[in-house]
Amino acid sequence: MSIVTLQLGQCGNQIGFEVFDALFSDSHCPQRLCSKRENEAYQASCKERFFSEEENGVPIARAVLVDMEPKVINQTLLKAAQSGRWKYGQHSGFCQKQGSGNNWAYGYSVHGPRHEEPILNLIQKEAEKCDSLSGFFIIMSMAGGTGSGLGAFVTQNLQDQYSSSLKMNQIIWPYGTGEVIVQNYNSILTLSHLYRSSDALLVHENDAVHKICAKLMNIKHISFSDINQVLAHQLGSVFQPTYSAEGSFHYRRNPLGIDWQVRPPLSGLPTLGKTSLNKELHFNTSIANLLILRGKDVHSADLGGFKDPALYTSWLAPDNAFNVWKTQRAFSKYEKSAALVSNSQFLVKPLDVIVGKAWNMFASKAYIHQYTKFGIEEEDFLDSFTLLEQVVASYRNL
Amino acid sequence: MLTKQRGPGGPAPSRYGNEETPVHVHGFLTEKLSLNLDKSVTTSATCGSSVTYGTSAPSESAVGEPGGCEGRRGLPRSLGWPPCSMTQSVVVQVGQCGNQIGCCFWDLALREHAAVNQKGIYDEAISSFFRNVDTRVVGDGGSISKGKICSLKARAVLIDMEEGVVNEILQGPLRDVFDTKQLITDISGSGNNWAVGHRVFGNLYQEQILEKLRKSAEHCDCLQCFFIIHSMGGGTGSGLGTFLLKVLEDEFPEVYRLVTSVYPSGEDDVITSPYNSILAMKELNEHADCVLPIDNQSLFDIISKIDLMVNSGKLGTTIKPKSLVTSSAGASKKRQEKPFDAMNNIVANLLLNLTSSARFEGSLNMDLNEISMNLVPFPQLHYLVSSLTPLYTLADVNIPPRRLDQMFSDAFSKHHQLIQADPKHNLYLACALMVRGNVQISDLRRNIERLKPSLQFVSWNQEGWKTSLCSVPPVGHSYSLLALANNTCVKPTFVELRERFMRLYKKKAHLHHYLQIEGMEESCFTEAVSSLSALIQEYNQLDATKSMPVEDLPRLSIAV
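Residues numbered from 1 in each chain as written. Chains lettered and ligands numbered in written order. Predicted model: local features only at pLDDT ≥ 70, side-chain atom pairs only at ≥ 80, totals over all residues. Heavy atoms only, no water.

Going by an unreviewed UniProt entry, chain B carries the name Tubulin epsilon 1 and comes from Rhinolophus ferrumequinum. Chain B has a UniProt comment under Sequence similarities (unreviewed entry) that states "Belongs to the tubulin family." Within the UniProt record for chain B, the comment given under Subcellular location (unreviewed entry) is "Cytoplasm, Cytoskeleton". (UniProt positions renumbered as here; feature names shortened; annotations may be inferred.)

The name given to chain A in an unreviewed UniProt entry is Tubulin delta chain, with Rhinolophus ferrumequinum as the source organism. Annotation of chain A in UniProt includes, under Sequence similarities (unreviewed entry), the sentence "Belongs to the tubulin family."

*Asks:* Go over the interface of chain A and chain B with me, naming the residues and quoting the values.
*Replies:* Opposite the 63 residues of chain A that make contact, chain B presents 61 residues. When chain A packs against chain B, close to 5200 Å² is buried across both sides, 57% of that on carbon and sulfur atoms. For the chain A face of the interface with chain B, the top three residues by lost area are A:K71, A:K97 and A:I181, together amounting to 13%. In this structure, the connection of chain A to chain B is made through 5 salt bridges. Between A:K97 and B:D221 there is a salt bridge, and its shortest N-O distance comes to 3.4 Å. The interface formed by chain A and chain B contains 33 residue pairs in polar contact (both at pLDDT 80 or more). Of all the secondary structure elements, the ones that give two or more residues to the side of chain A that touches chain B are α1 (9-27), α3 (70-83), β6 (93-95), α7 (206-216), α8 (224-239), α10 (348-363), α11 (368-372) and α12 (378-396) of chain A. The dominant element in the side of chain A that touches chain B, judged by the number of residues it contributes, is α3(A), at 10 residues. Split into classes, the residues belonging to the side of chain A that touches chain B amount to 24 nonpolar, 29 polar and 10 charged. (Contact = heavy atoms within 4.5 Å. Buried area = accessible area lost by both parts, 1.4 Å probe. Salt bridge = Lys/Arg side-chain N within 4 Å of Asp/Glu carboxyl O. Polar contact = N/O pair within 3.5 Å; in protein donor to acceptor, adjacent residues only side chain to side chain. Helix = DSSP H or I, 4+ residues; strand = E, 2+ residues; numbered from the N terminus. Nonpolar A, V, L, I, M, F, W, Y, C, P; charged D, E, K, R; others polar.)

*Asks:* Please set out the domain arrangement of chain B residue by residue, giving values where relevant.
*Replies:* Residue and element names in this part refer to chain B. When the domains of chain B are assigned, the result is domain 1 (88-133 + 147-494) and domain 2 (495-545). Taken over C-alpha atoms, the centre of domain 1 sits 26 Å from the centre of domain 2. Facing the 38 residues of domain 1 at the interface are 33 residues of domain 2. Roughly 3100 Å² of surface becomes buried between domain 1 and domain 2 when both sides are summed, with 69% attributable to carbon and sulfur atoms. The largest share of the area that domain 1 buries against domain 2 comes from Y275, I278 and K491, three residues that together contribute 25% of it. Across the domain 1-domain 2 interface, the total number found is 1 salt bridge. Its salt-bridge partner being D543, residue K491 comes within 3.2 Å of it at the nearest N-O pair. Here domain 1 and domain 2 share 19 residue pairs in polar contact (both at pLDDT 80 or more) between them. (Domains from an automatic or database assignment.)

*Asks:* Describe in detail the packing of helix α2 (residues 95-116) of chain B against helix α4 (residues 164-171) of chain B, supporting the description with residues and values.
*Replies:* Residues and elements named next belong to chain B. With their axes 9 Å apart at the nearest point, α2 and α4 run at an angle of 20 degrees to one another. Put simply, α2 runs roughly parallel to α4. The handedness of the crossing between α2 and α4 is left-handed. Between α2 and α4, the contacting residues are Q96, N99, Q100 and C103 on the first element and V165, V166 and I169 on the second. By residue class, the composition of the contact of α2 with α4 is 4 nonpolar, 3 polar and no charged. (Axes fitted to C-alpha atoms, helices over the stretch in contact; angles between N-to-C directions. Parallel < 35°, antiparallel > 145°, perpendicular 65-115°, else oblique. Left-handed = near helix turned anticlockwise from the far one by under 90°.)

*Asks:* I'd like a description of α1(A), backed by residues and values.
*Replies:* Here α1(A) is 19 residues long and its end C-alpha atoms lie 27 Å apart, about the 27 Å a rise of 1.5 Å per residue gives. Along α1(A), 18 of the 19 residues are buried, which leaves the element largely enclosed by surrounding structure. (Expected span 1.5 Å × (residues − 1). Buried < 20%, exposed > 50% of the residue type's maximum accessible area, 1.4 Å probe, protein only.)

*Asks:* If you had to explain the sheet that holds β6(A) to someone new, which residues and values would you point to?
*Replies:* All names here are of chain A. Judged by pairing direction, the sheet is parallel, and its 6 strands sit side by side in the order β6-β4-β1-β7-β8-β9 without closing on themselves. Looking along the sheet, the strands with just one partner apiece sit at the ends: β6 and β9 (200-205). Pairs of neighbouring strands in the sheet enclose a mean axial angle of 15 degrees, with direction left out of account. With 4 bridges joining them, strand β1 (residues 2-8) and strand β4 (residues 63-67) adopt parallel strand pairing. (Pairing = 2+ DSSP bridges.)

*Asks:* So, the packing of aromatic side chains: which residues are in play, and what are the values?
*Replies:* Tallied over the entire structure, the rule returns 44 aromatic pairs over all chains. On the numbers, 5.1 Å between centres and 75 degrees between planes, the contact of B:F105 with B:W106 is edge-to-face. The burial state of B:F105 is the same as that of B:W106; both residues are buried. Each ring, one from B:Y275 and one from B:F525, has its centre 5.3 Å from the other, and the planes form 75 degrees; the classification is edge-to-face. Of this pair, B:Y275 sits in helix α7 (residues 273-287) while B:F525 sits in helix α16 (residues 522-544), and the two are 250 residues apart along the sequence. There is no split in this pair, since B:Y275 and B:F525 are both buried. Members of the aromatic cluster, joined through ring pairs, are A:F17, A:F20, A:F24, A:F51, A:W86 and A:Y88. Positioned over the ring face of A:F362 is A:K365, at 4.6 Å from the centre of the ring. Above the face of the B:Y505 ring, B:K508 is positioned so that its terminal group lies 4.6 Å from the ring centre. (Phe/Tyr/Trp six-rings, centres within 6.5 Å; stacked < 30°, edge-to-face > 60°. Lys NZ or Arg CZ within 6 Å of the ring centre and 35° of its normal.)

This is how it looks when you write it as structure tokens:
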């Protein structure tokens, strides 16, 4: 089953490139720790999911690139083509001349309707190339104008047109200390709209990934390239083929078989087979957890700690709430690696902070004229606030 | 020191076209400038020597056909799909000051593009400010959208009601850069009278102005922004310049109007400059999207400081002549003769850096429409304090990160501001940091964390930072930083302006010069000053919140 990736805006396109690159690199990694046959099955599955038929032996990413200004897309296409290892489709990009100006309203109300047809056509073409479409993976940031506003619009459209396919949105949570001044407005508008149309929101916080680069990887001058590569690595370790717990002989057919809203994986690094869990008093309650193990000793790992009822809500038994996928095929250069995808209270604090800041700004009416200019009114803001306060409250009460 | 020359009398000393001008740029540009030194005009020779046009003029070509020259080495000629073009901007330079600054801007822009674009291909970045024209084609056509650079024409409209400055430009080395059809001149001048500039010449030249603007817009694939450059204290830049704003707003409502305004300093020798400035302010309040106020005193102080560094040999290092801030002439002896040249270069650099992230690539782009979106929280409050660093380049190239941090500190020092103001002791509404060069996001964040505690931000925008990273540094520097601040520190400038105005107005001094112009009444003055007062009041209200504790407002309560 295949996934069609939609790269939106500068962030979406920059990350998207790194993701495909990571998937390709892992797929062709020499160190496999498994049998040749196993590896071939893995490669075939990966290829089916993310790449389509090659011409001249170069795989083509199953992706649609969208941006409202041309610089980033041009660069992304060029970088892929230059690598010689994989590339994007010749006609898989759509761009305009003038960006969204960090304005969610512009991305959603102006660019969206204006370019709905060509963008959806591109997506449809890509979808038709798949023998069997699993769903869509939409990469976007929340802080800007295109990824956020146009992203919300397109996801809504996909909800209508492809209601039986899964839609997972990869959201980039901006740095707390601004990249964009109106990022909190853009974020709450994005989240509230996506809540109604997306199946899963996979969140990565720039601050968290930045810390990984600084503390765990000891990078001195962290660039966006570094951050994007860590992100891509994490995503690769989640999306590459695995076997489900039922122990079937084929790689999981539905890579997007996650039915709930999920949270950042912690992984990518070599871990011990056995994870010990401290029974602290303050830890986040999870609705559900998905653990993905790759490499050596996956079948002998003791996962008891993950099934501790204390981790979960009272209304979902650990057996239902916890899932594990495994493969002996090592990921990238790691002998053992683990990824955890979690739907838990982890996100309550960051969400609460963003809603609070946006609310303070909204009370002073600052910047609102920039949104009302393009049809997003104060009521739309209030609706967003209401919805998100409900989400925060729901998670708090787990 | 003034950027305005005194009256139109006498031939102004030529600021360009001097044989001593060292030209350290590549390719086509060298030819262009040296040609003009000979005062011979053979524009067809500005094309590179390897042009293979054949007998027919190159047409608006399809993708990836650069008229015979090779695409960038090693890269696929075409990506197989039409690459989008970027947006374009048009510069409208009005009055003496506006045109002098404008001229510096075009000079620096050419140098920057020549340094970055070494193969002489007309690319997207250049197209944002320049057209590529085949001069062999007669008439207005001959625009070439791709391929080798033939002849670059600035996307500019030059307006002046005296001929001196514009004529000088047309005789200087940049003369081929300007399209002679894009000029509007008169001979009599505005007599330092806003009303003459705004009403008399506004009416007289309205049609022509519209026509030239429309033409320049037609030459753009996607016009995003008008850059208006003018001074506030005189008659033409101030009056006609602001008349233009209304025309632009009506005719091109979707296009941004970004105004660079030179405000008169206290010792300005134009007596009526307070009148002119206040009358112009009302127009800026109502019709500009964004204003970058500049004052001569700040520019002069910056130049003096640079001179001091150069002459004292304090650091034991020399200042690179290639540094764009001080160059076009480059030699310091020239600077004493024409200080306004160097001062104008600073403003020109401001405009270059402002647009760099829109023209060139980077890991965190910032387009021109993002400036207004992020820095203008309320429509009226669109005055931005700018500061630029570095102002000169030291000869040593290997600058360790500590120097990088120094660059950030400098941006918040009063010595690097283009207007006299004190942002550190006032309230920030928003702040943008536009970085160029090999700087990473971690460097940016580290410095924001470091500087934040000493700056006061308004309660509802405590993290009011907008950042951008452009990979291409300015010529002669490894990196640079432009800081744009929306800060209540502009208030004292406006208050002082109002005071100077009131001193004159109370005595009705020189008022008759204005009132004798048709359409001008005393109400024009009173309305203008109350517009300014309303603006000052808005700043006052924000300042009042400065010492209040920052509290979170009660949130919506939800029934779960």
